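A look at the structure
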Amino acid sequence: MRLLAALLALSPLFAQSPEQKIAREIFKQLIEINTTDSVGDNTRAAEAMAARFRAAGFAASDVTVLGPARKGNLVVRFHGAGPARPLLFIGHLDVVEARRADWPADPFQFREQDGYFYGRGASDMKDGDATLVAAFLRLKRENYRPSRDLILALTSDEEGGPANGIDWLVTKHRELIDAEYCINLDAGGGHIKNGKHLFMAMQAAEKVFLSFKLEATNNGGHSSLPTKDNAIYHLSDGLSRLGKFDFPVHLFDVTRTAFERGANIYGGQLGADLKMMVQNPNDPAPWRAFPPSQSITLSCAPPAWPPCYPAATPRMRCRNSPLPRSTAACSPWISPPRSAPRSNGFSPTPRSSSPKSKRP
Ligand SMILES: [Zn+2]
């Protein structure tokens, strides 16, 4: 982990080591290969990384690119000496869609400006991919011999699309990635301030969203005699009220501990705000103090469905969707209500579609 942490220090503010230069090159190469679902090519990015591994001396049989068209996944095996089951490192190569018109510069052109890197996927997660690839290449270059096999899998369609690479590998080629333990670099990571390593963060859960289908019904009538008792107006009234509603904040063990420890690490105003958030999560003052770039993600959102009940009119029905990847930490807050429908006419009904967690 120390090696990974060191390679995370891609910042140009410090003199770059040869390893950091290689990591930066890989980072740039990945950013400049469009891997969006709509027009991108994940296979191209996977092949580009595969070429680096082969050039570094990895056996061709240990470097595999496989998957549906445009949705290729890279799997690399670094052979170890011991019999223990492998350690698997994963990252996704695909990125969220990016329209040129929405960006001040080409999102698929790597830019370095004022000490920051810019480009689609710069923080989710081609930085992590570059770190993993550079770390594996360095281990090989230095003739490191791990005590067990290390596997690297860089995959497609984590952000969306029809060919989620991890699902595809687990289903079709489990033997390639079967491991005792898996480390996903899509969250957490090393934090460095003024050249000082502060901490290595680990994510314990993923924020997820709920989709709702709102239906408004009423008695109807003939359009020659329009009435204000109209299902469309009922629906829009409910949505307006919902838009003004602020969900209560619920901290759970992981979030609370992260804020408490973060308060001591950061200190200053940020530390004070974090302490206030723990003491009184529903005091809006410290939350408002966070600019968007520093906003803290609550690893588990407050329950989304109950506000539909007080916020909506009796003529609307509120339905909630099951979460696709609920975690144990989230489950107390996503259970549907016990009694349905409620007396006000709303009945929560799970839908069959499963929304997917995504970070912007
Ligand atoms: Zn990601």
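Note that the structure is predicted; figures quoted are calculated from it, not measured.

Ordered by their spatial adjacency, 5 strands build an open sheet running β1-β2-β6-β3-β7, and the pairing between neighbours is mixed. The sheet is open, and its two edges are formed by β1 (63-66) and β7 (181-184), each paired on a single side. With strand direction ignored, the average angle separating the axes of adjacent strands in the sheet is 20 degrees. In this structure, strand β2 (residues 73-78) lies alongside strand β6 (residues 150-155), joined through 5 bridges in antiparallel fashion. The residue of β6 that forms the bridge with Val75 is Ala153. Of the strands in this sheet, β1, β2 and β6 are in contact with helix α3 (residues 42-55), which crosses β1 at around 170 degrees. Strands in contact with helix α5 (residues 165-172) are β2, β3 (87-92) and β6; relative to β6, the strand with the most contacts, it is inclined by about 125 degrees.

On to the confidence of the model for the protein, then. Summary statistics for the protein give a mean pLDDT of 78 and a share of 76% for residues scoring 70 or more. pLDDT under 50 marks residues 1-13. Its contacts with residues more than four places away, or in other chains, come to 28 contacts. Counting interchain partners and residues more than four positions distant, the pLDDT-below-50 stretch residues 292-360 has 129 contacts.

What follows concerns the pairing of β2. The side chains of a regular strand alternate, first on one face of the sheet and then on the other. In terms of residue burial, β2 counts as a mostly covered element, since 6 of its 6 residues are buried. On β2, burial covers both faces: Asn73, Val75 and Arg77 on one face and Leu74, Val76 and Phe78 on the other are all buried. Linking β1 back to β2 in an antiparallel pair, the connection comprises 6 residues, with Gly67 at a positive phi of about 145 degrees.

So, about α3. Here α3 contains 14 residues, and its C-alpha end-to-end distance of 20 Å stays within 8% of the 20 Å for a straight helix at 1.5 Å per residue. For α3, every residue scored as buried is listed here: Asn42, Thr43, Ala45, Ala46, Met49, Ala50 and Phe53. For α3, the angular spread of buried residues about the axis comes to 160 degrees, placing them on one side. Opposite the packed face of α3, turned more than 90 degrees from it, sit the exposed residues Ala51 and Ala55. Where α3 is buried, its residues contact α2 (18-31), β1, β2, α4 (126-141) and β6.

Once that is clear, we can look at the environment of Asn230. Locating Asn230 in the fold gives a position in the loop between β10 (212-216) and α7 (231-243). Judged by C-beta crowding, with 15 C-beta atoms within 10 Å, Asn230 ranks as partly exposed. Sequence separation of Asn230 and Gly220 is 10 residues, and the distance between their C-alpha atoms is 7.3 Å.

Buried residues dominate β6, accounting for 6 of its 6 residues. Here β6 shows no split at all, with Leu150, Leu152 and Leu154 on one side and Ile151, Ala153 and Thr155 on the other all buried.

Below, the discussion takes up the packing of helix α8 (residues 253-266) against helix α9 (residues 268-279). When two helices pack together, their arrangement is given by the angle between the helix axes and by the axis-to-axis distance. Orientation of α8 relative to α9, taken along the N-to-C sense of each, is 155 degrees, at an axis distance of 8 Å. Taken together, the axes of α8 and α9 lie roughly antiparallel to each other. Crossing geometry of α8 relative to α9 is assigned as left-handed. Here Arg256, Phe259, Glu260, Gly262, Ala263, Asn264 and Tyr266 of α8 lie close against α9, whose contacting residues are Gly268, Leu270, Gly271, Leu274, Lys275, Met277 and Val278. Its residues assigned to classes, the contact of α8 with α9 shows 7 nonpolar, 4 polar and 3 charged.

What counts and what doesn't
Residues numbered from 1 in each chain as written. Predicted model: local features only at pLDDT ≥ 70, side-chain atom pairs only at ≥ 80, totals over all residues. Pairing = 2+ DSSP bridges. Helix = DSSP H or I, 4+ residues; strand = E, 2+ residues; numbered from the N terminus. Axes fitted to C-alpha atoms, helices over the stretch in contact; angles between N-to-C directions. Contact = placed C-beta atoms within 7 Å. pLDDT = per-residue confidence, 0-100. Buried ≥ 20, exposed ≤ 12 C-beta atoms within 10 Å, placed from the backbone. Expected span 1.5 Å × (residues − 1). Arc of directions from axis to C-beta. Parallel < 35°, antiparallel > 145°, perpendicular 65-115°, else oblique. Left-handed = near helix turned anticlockwise from the far one by under 90°. Nonpolar A, V, L, I, M, F, W, Y, C, P; charged D, E, K, R; others polar.

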